[in-house]
Amino acid sequence: MATQYDVVVIGSGPAGYVAAIRCAQLGFKTACIEKWLNKDSKTVYGGTCLNVGCIPSKALLDSSHKFVEAQHHFEVHGIKTGKVAIDVPAMVARKDKVVTQLTGGVKSLFAANKVDGIAGTGKLVAKDRVVVTDHTGNQQELTATHVIIAAGSVPIEIPPTPIDQQTIVDSTGALDFQEVPKRLGVIGAGVIGLELGSVWARLGAEVTVLEALDDFLPMVDRQIAKEALKILTKQGLNIKLGARVTGSKLTKGSKPSVTVEYTDKDGEQKATFDKLIVAVGRRPFTKDLLADEVGIELDARGFIKVNEKCATNIPNVYAVGDVVRGPMLAHKGMEEGVMVAERLAGKKTQVNYDLVPSVIYTHPEVAWVGKNEEQLKADGVTYNVGVFPFVASGRALAANDADGMVKLLTETKSDRILGCHIIGASAADLLQQIVIAMEFSASAEDIGLTMFSHPSLSEAVHEAALAANGHAVHIGNKKQRH
Ligand code: FAD
Ligand code: NAD
């Protein structure tokens, strides 16, 4: 007999597990179905983000950053270390430990909030019925007043470079190398390519990034993207723009390699790598998820179609996270999960899609929210620019970490903040101050009149706000109006 729930969530990534917990907090009898299995065939919750995404990539970024610090930057502080070496299996094992801790944490949160975690692949067979098949083939049926689909996304594969997870890997394979590849190729200079390319470059790999587009990070403010390209190139990433991959040849044996063929402005090219990471984007995952007769509509790119409240075309069925339109970011999915849960409880919660912060966790980090300068120009907005370089920040100099800048864009007439773009140490955390300010429709003057701790990196945000109105204290003020 089917078990009846108020809410059944399919998928326990950040969008799904947060939706499930919030539903349970609001008094709904809630189940969350997950098909992800670990090496011992045990169900693990947390989805891409916790298992093979945000968390493990940041664990490796943090470890490899410490390695670079110890190798190259301690000496300037007067710290002598002797020869610094990297133990890659130990670094990867630490990453796995962090993942296990956090996925276990989701399981505990389910228990604490009385969410029933259900192992297996969930298929929506009617608008209020989900059949769950576990990895041994056992089936059970759940009925639900409401269904929330949070099935996430998977890496895109491209025909010229089929993934074998040995020599040609996707982002998941790139988190588990057991030694530093001497020559590492990366296809795609997007977020994953730059983050994982940085990890292995810091550990000593010669990294070549092949990017099809002629522009570097086209979604990022041009001034910031230019600075990022300069810094990342200096760190050893050989980023080739306008490089279109056409094919690849694997050489097997004791030292496997792959030769990638690509074309660029100079014609046909070849490059040979010991490992190749393919990071050309992700696609929504809806395999074995939806019975045709339910009639859930997908868009042309395979995303489940939803409105701004994450409702699908079928009443009482919602979809959140990477499986629907919008940026593929954990925090965007989490907020959608909360919104759906709270709206089921009669609240009027919304997601502000204009204020989704984005971060690239290279060092320095690149973080932005709102409009960039190019978008403001295209929209015909009259705006002011306030820029503060970290080289003028006492705290950044004390830390010997003064690359980059804070750039604030405001509407000239109202002084309202329209966008913020940061490249620098801790950019993600610095940006959040401006996300909150923008959520409250703050002006640059509001930020300027706020007291900031000294010395702190946050002072760069304060000074950028002052600079937007031409009265920064710790830099010269130029004409800022555009
Ligand atoms: P997912 O996390 O993909 O979870 C979906 C879950 O649903 C999976 O566990 C899957 O097994 C399960 N599932 C699917 N179908 C079924 C079914 N039929 N039955 C049962 N279960 C099912 N985002 C950030 O915001 N910050 C970052 O720093 C960041 N770093 C990243 C680094 C990497 C290497 C990658 C790959 C991604 C990164 N992302 C990051 C993106 C982030 O991981 C995703 O945006 C986020 O995980 C999406 O959450 P989700 O819940 O929608 O889907
Ligand atoms: P992406 O969209 O960020 O970058 C893919 C890049 O590959 C683009 O620059 C694209 O032009 C390029 N490309 C596409 N096809 C190509 C080809 N055939 N040859 C060469 N280049 C090609 O995608 P991603 O880096 O794979 O990341 C996927 C998603 O995961 C992103 O949308 C992002 O939102 C999310 N993510 C977020 C974070 C974070 O928030 N820090 C980190 C990692 C991933």
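Residues numbered from 1 in each chain as written. Chains lettered and ligands numbered in written order. Predicted model: local features only at pLDDT ≥ 70, side-chain atom pairs only at ≥ 80, totals over all residues. Heavy atoms only, no water.

Quick look at the state of the cysteines
Put simply, the test is: The criterion for a disulfide is a pair of cysteine sulfur atoms lying within 2.5 Å. We call a residue buried when its accessible area falls under 20% of the maximum for its residue type, exposed when it is over 50%, and partly exposed in between, using a 1.4 Å probe and counting protein chains only.
Counted by the stated rule, this structure contains 0 disulfides. Just so you know, cysteine 23 is unpaired, no disulfide at all, and the nearest cysteine sulfur is the one on cysteine 32, 9.8 Å from it. Given a relative accessible area of 0%, cysteine 23 falls into the buried group.

Thoughts on the packing of aromatic side chains
Where we set the bar: Only the six-membered ring of Trp is used, alongside the rings of Phe and Tyr, when aromatic pairs are assigned; centres must lie within 6.5 Å, and planes under 30 degrees apart are stacked while those over 60 apart are edge-to-face, with the rest tilted. Note on conventions: DSSP H or I runs of at least 4 residues are helices, E runs of at least 2 residues are strands, and numbering of each starts at the N terminus. Put simply, a charge is over a ring when the Lys NZ or the Arg CZ is close to the ring centre, within 6 Å, and near the line of the ring normal, within 35 degrees.
For the coordinates displayed, the defined rule picks out 2 aromatic pairs. Both rings, one in phenylalanine 177 and one in tryptophan 200, keep their centres 5.1 Å apart while their planes meet at 50°; by these two values the pair is tilted. Here tryptophan 200 lies in helix H5 (residues 191-202) and phenylalanine 177 lies in the loop between strand E8 (168-169) and strand E9 (183-187), a separation of 23 residues in the sequence. An identical accessibility class is assigned to phenylalanine 177 and tryptophan 200; each is buried. The positively charged end of lysine 29 is found above the aromatic ring belonging to tyrosine 5, 4.5 Å away from the centroid.

Side note on the site of ligand 1
We count it as follows: Here, proximity means that at least one heavy atom of the residue falls within 4 Å of the molecule or strand. In the analysis that follows, any N or O atom pair within 3.5 Å is treated as a polar contact, provided that within protein one partner can donate a hydrogen and the other can accept it, and provided that, for residues neighboring in sequence, both atoms belong to side chains. The Shrake-Rupley method, run with a 1.4 Å probe, gives the accessible areas here. Residue values count only the displayed protein chains as cover.
For ligand 1, the set of nearby residues contains 38 residues, the closest of which are Glu34, Thr48, Lys58, Gly122 and Ala330. Between ligand 1 and threonine 48 there is a distance of 2.6 Å, counted from an oxygen atom to a side-chain nitrogen or oxygen. Here an oxygen atom of ligand 1 and a backbone polar atom of methionine 328 are 3.2 Å apart. Protein coverage of the free-state accessible area of ligand 1, which is 980 Å², stands at 95%.

What to know about the domain arrangement of the protein chain
The condition that has to hold: An automatic or database domain assignment provides the domain bounds reported here. Throughout, a contact is declared for two residues whenever any of their heavy atoms are within 4.5 Å. We define a salt bridge as a contact between a side-chain nitrogen of Lys or Arg and a carboxyl oxygen of Asp or Glu at a distance within 4 Å.
Each domain of the protein chain was delimited in the assignment, giving domain 1 (3-155 + 283-353), domain 2 (168-280) and domain 3 (364-481). Put simply, the middle of domain 1 and the middle of domain 2, counted by C-alpha atoms, are 28 Å apart. Taken together, the contact pairs 19 residues of domain 1 with 16 residues of domain 2. Inspection of the region where domain 1 meets domain 2 yields 2 salt bridges.

Quick look at the pairing of strand E1 (residues 3-10)
Filter applied, for reference: For two strands to be treated as a pair, DSSP must find no fewer than two bridges joining them.
With 7 bridges connecting them, E1 and strand E6 (residues 139-149) associate as parallel partners. Across the sheet, tyrosine 5 pairs through a bridge with alanine 144, a residue of E6. Alignment of E1 against strand E2 (residues 30-34), held across 4 bridges, turns out to be parallel. Bridging across to E2, valine 9 finds its partner in cysteine 32.

Observations regarding the environment of alanine 205
One can find alanine 205 in the loop between H5 and strand E10 (206-210). Classification of alanine 205 as buried rests on a relative accessible area of 7%. Along the backbone, alanine 205 and isoleucine 417 are 212 residues apart, and their C-alpha atoms lie at a distance of 41 Å. Discounting residues that sit within four places of it in the chain, alanine 205 has contacts with Val180, Pro181, Lys182, Leu184 and Trp200.

Here's the deal with unusual backbone geometry
A cis geometry characterises the amide bond from histidine 363 onward to proline 364, with omega recorded as 0°. Take proline 364: it is sitting in the loop between strand E18 (358-360) and strand E19 (365-370). For the peptide bond that leads from histidine 454 to proline 455, omega is -5°, which places it in the cis range. Relative to the elements of secondary structure, proline 455 occurs in the loop between helix H11 (444-448) and helix H12 (459-468). Phi at serine 41 takes a positive value of approximately 60°, unusual for a residue other than glycine. Mapped onto the elements, serine 41 comes out in the loop between E2 and helix H2 (47-52). For serine 41, a relative accessible area of 36% puts it in the partly exposed group.

Digging into empty space enclosed by the protein
This is how it is decided: Points on a 1 Å grid over protein atoms alone make up a cavity when a 1.4 Å probe fits among them but cannot get out, and a pocket when they form an open set with protein on both sides within 12 Å along at least five of seven lines; lining residues each have an atom within 4 Å of a point. Grid points are joined across faces, edges and corners, and a volume is the space filled by probe spheres set on the points. Asp, Glu, Lys and Arg are counted as charged, while Ala, Val, Leu, Ile, Met, Phe, Trp, Tyr, Cys and Pro are counted as nonpolar; the rest, among them Gly, fall into the polar class.
If you walk through the whole model with that rule in mind, you get 1 cavity of 30 Å³ or more. Of the volumes computed, that of the largest cavity is approximately 40 Å³. Surrounding the largest cavity, Pro155, Ile156, Ser171, Ile192, Val278, Ala279, Val280 and Gly281 form its lining. Partitioned by chemical class, the residues of the lining of the largest cavity number 6 nonpolar, 2 polar and no charged.

Describing the packing of helix H3 (residues 54-73) against H5
Helix packing geometry: the angle between the two helix axes and the distance between the axes. Stated precisely, the cut-off is as follows: In this analysis an axis means a line fitted to C-alpha atoms, helices contributing only their contacting stretch, and an angle means the value between N-to-C directions, from 0 to 180 degrees. The crossing is said to be left-handed when, going from far helix to near helix, the turn is anticlockwise and less than a right angle, and right-handed when the turn is clockwise.
Running from N to C, H3 and H5 point in directions that differ by 35°, and their axes come no closer than 9 Å. The element H3 and its partner H5 pack so that their crossing is left-handed. Contacts from Ser57, Lys58, Leu60, Leu61, Ser64, His65, Phe67, Val68 and Gln71 in H3 reach Glu195, Leu196, Ser198, Val199 and Arg202 in H5. Considering only residue class, the contact of H3 with H5 consists of 6 nonpolar, 5 polar and 3 charged.

Concerning the site of ligand 2
Taken together, 19 residues are adjacent to ligand 2, and Glu195, Glu211, Gly281, Met328 and Val359 come closest. At a separation of 3.2 Å, a nitrogen atom of ligand 2 approaches a polar backbone atom of alanine 212. Considered on its own, ligand 2 offers 840 Å² of accessible surface; in the complex 75% of this is hidden by protein.

With respect to the sheet that holds strand E21 (residues 405-411)
Strand order in this open sheet of 5 strands is E18-E19-E22-E21-E20, and the pairing throughout is antiparallel. Each edge of the open sheet is held by one strand with a lone partner, namely E18 and strand E20 (383-389). When strand polarity is set aside, the average angle formed by the axes of neighbouring strands in this sheet is 10°. Note that E21 and strand E22 (residues 417-424) share 6 bridges and pair antiparallel. The residue of E22 that forms the bridge with leucine 409 is glycine 419. Sheet strands touched by helix H6 (residues 222-234): E19, E20, E21 and E22. Its angle to E22, the strand with the most contacts, is close to 5°.

Some words on the sheet that holds strand E14 (residues 267-273)
Overall, antiparallel pairing links the 3 strands, which are arranged E12-E13-E14 in an open sheet. Only two strands of the sheet have a single partner each, and these edge strands are strand E12 (244-251) and E14. Strand-to-strand twist across the sheet, computed as the mean angle between neighbouring axes with direction ignored, equals 20°. Pairing analysis gives 7 bridges linking E12 to strand E13 (residues 257-264), with the strands arranged antiparallel. If you follow leucine 250 over to E13, its bridge partner there is valine 258.

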